[in-house]
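Descriptive structure summary
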Amino acid sequence: QEKLLRQLGVPISTMVLLSNLGSFVLVLAFITATGELGAFATYCRRDPAVSAWLAGQALAAYGGLRCYLYVIRSLSGVAGVVTTSARKVVTIVVSFVVFEKPFTAMHAGALGCLAAGVGLTILAKHHRRPGSAAPRRAHTTGTLGPPPRT
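Nothing here was measured: the structure is a model prediction, and the numbers come from that model. Residue positions are counted from 1 within each chain, in the order its sequence is given. For this predicted model, a pLDDT threshold of at least 70 governs which residues receive local features, and a threshold of 80 or more governs which side-chain atom pairs are given and counted, while totals over whole chains, interfaces and linings are taken from all residues. The side-chain values count all of the structure's non-hydrogen atoms but skip hydrogen atoms and water molecules.

1. Things to note about the overall build of the protein chain
Cut-off, in case you're wondering: The numbering of helices and of strands both runs from the N terminus, where a helix is a DSSP run of H or I of at least 4 residues and a strand a run of E of at least 2. Exposure is judged per residue with a 1.4 Å probe applied to protein chains only, and the accessible area is read against the type maximum: over 50% gives exposed, under 20% gives buried, and values in between give partly exposed. Two residues form a contact once any of their heavy atoms are found within 4.5 Å.
When helices and strands are tallied, the protein chain shows six helices and zero strands. In the protein chain, the succession of helices and strands from N to C terminus is α-α-α-α-α-α. A total of 150 residues make up the protein chain; the buried ones form 7% of that total. Expressed as a percentage of contacts within the protein chain between residues at least 6 apart in sequence, the contacts between residues at least 24 apart total 43%.

2. Quick look at a nonpolar patch on the surface
Stated formally: By definition, no residue in a patch forms a salt bridge, and every one has over 30% relative accessible area; like charges are joined within 9 Å, nonpolar side chains (Val, Leu, Ile, Met, Phe, Trp, Tyr) within 5 Å. Accessible areas in this description were obtained via Shrake-Rupley with a 1.4 Å probe; residue shielding takes into account the shown protein chains only. By salt bridge we mean one thing: a side-chain nitrogen of Lys or Arg within 4 Å of a carboxyl oxygen of Asp or Glu.
Residues Val89, Val90, Val93, Val94, Val97, Val98 and Phe99 make up a contiguous nonpolar surface patch of roughly 660 Å² in combined accessible area. Relative to the helices and strands, Val98 is located in helix H5 (residues 77-98).

3. Considerations on helix H2 (residues 12-34)
Keep this limit in mind: An expected span of 1.5 Å times one less than the residue number is assigned to each helix.
Given a rise of 1.5 Å per residue, 23 residues ought to cover 33 Å, and the 33 Å separating the end C-alpha atoms of H2 matches this to within 8%. The first or second residue beyond H2 is Gly35, which carries a positive phi of 90°.

4. Observations regarding the packing of H2 against helix H4 (residues 49-74)
The line we're drawing: Helix axes are fitted only over the stretch in contact, all axes being lines through C-alpha atoms; the angle between N-to-C directions runs from 0 to 180 degrees. Rotating anticlockwise by less than a right angle from the far helix to the near helix defines a left-handed crossing, while the corresponding clockwise rotation defines a right-handed one. Residue polarity is assigned by list, with Asp, Glu, Lys and Arg as charged and Ala, Val, Leu, Ile, Met, Phe, Trp, Tyr, Cys and Pro as nonpolar; anything else, Gly included, falls into the polar class.
Where H2 contacts H4, the axes come no closer than 11 Å and their chain directions differ by 145°. When the axes of H2 and H4 are compared, the crossing they make is right-handed. Listed contacts from H4 to Ile12, Ser13, Val16 and Asn20 of H2 are Leu65, Arg66 and Leu69. For the contact of H2 with H4, the per-class residue count stands at four nonpolar, two polar and one charged.

5. Quick word on the environment of Phe103
Residue position: Phe103 is located in the loop between H5 and helix H6 (105-126). What makes Phe103 exposed here is its relative accessible area of 53%. The residues touching Phe103, leaving out its near neighbours within four places in the chain, are Phe96, Ala108 and Leu111.

6. Side note on the packing of aromatic side chains
Heads up, the rule is: The pairing test for Phe, Tyr and Trp rings, Trp by its six-membered ring, is centres within 6.5 Å, and the orientation test on the planes gives stacked under 30 degrees, edge-to-face over 60, and tilted for anything in between. In this scheme, the term charge over a ring applies when either NZ of a lysine or CZ of an arginine sits within 6 Å of the ring centre and within 35 degrees of the ring normal.
Considering all chains together, one arrives at one aromatic pair under this definition. Sitting over the ring of Phe96, Lys101 keeps its end group 5.2 Å from the ring centre.

7. Topic: the packing of helix H3 (residues 36-46) against H4
Here is the rule we go by: By definition in this entry, angles of less than 35 degrees are roughly parallel, angles greater than 145 are roughly antiparallel, angles of 65 to 115 are roughly perpendicular, and the rest are oblique.
Running from N to C, H3 and H4 point in directions that differ by 110°, and their axes come no closer than 6 Å. As summarised for this structure, H3 and H4 are arranged roughly perpendicular, according to the angle between their axes. Contacts between H3 and H4 involve Phe40, Tyr43 and Cys44 from the first element and Val50, Ser51 and Leu54 from the second. Tallied by class, residues from the contact of H3 with H4 come to five nonpolar, one polar and no charged.

Written out as structure tokens, the structure is:
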């Protein structure tokens, strides 16, 4: 669907909206069919704070998405990936600080695998064989260009 929308010249923000709207309709149909929507409505009536928390979470997610799209538009897709990866690392570190838990050998092994993966990726990019071309990048329709100058 993304390829089709790009061919039609649809802006990224519209693509995100249409994709999320389609997902919303499918999930709404599913939770209605399974009866979960009714149970959720009853729960929200009993505890109205739940609705406020959900609205706050939705607004925070929207704000995060707008920031992510701005990073991609103003810097690059790579900067967007680096930003989201850094956010995940910070989330994991904060999780260990806030919710005290032991750092086990399994955690150390996973951290070692992560470091090895990152290291090997960097090594592969810097040690290409002479004469080999860099990977080709997909051509975009201009919807991810730099922000307009004002």
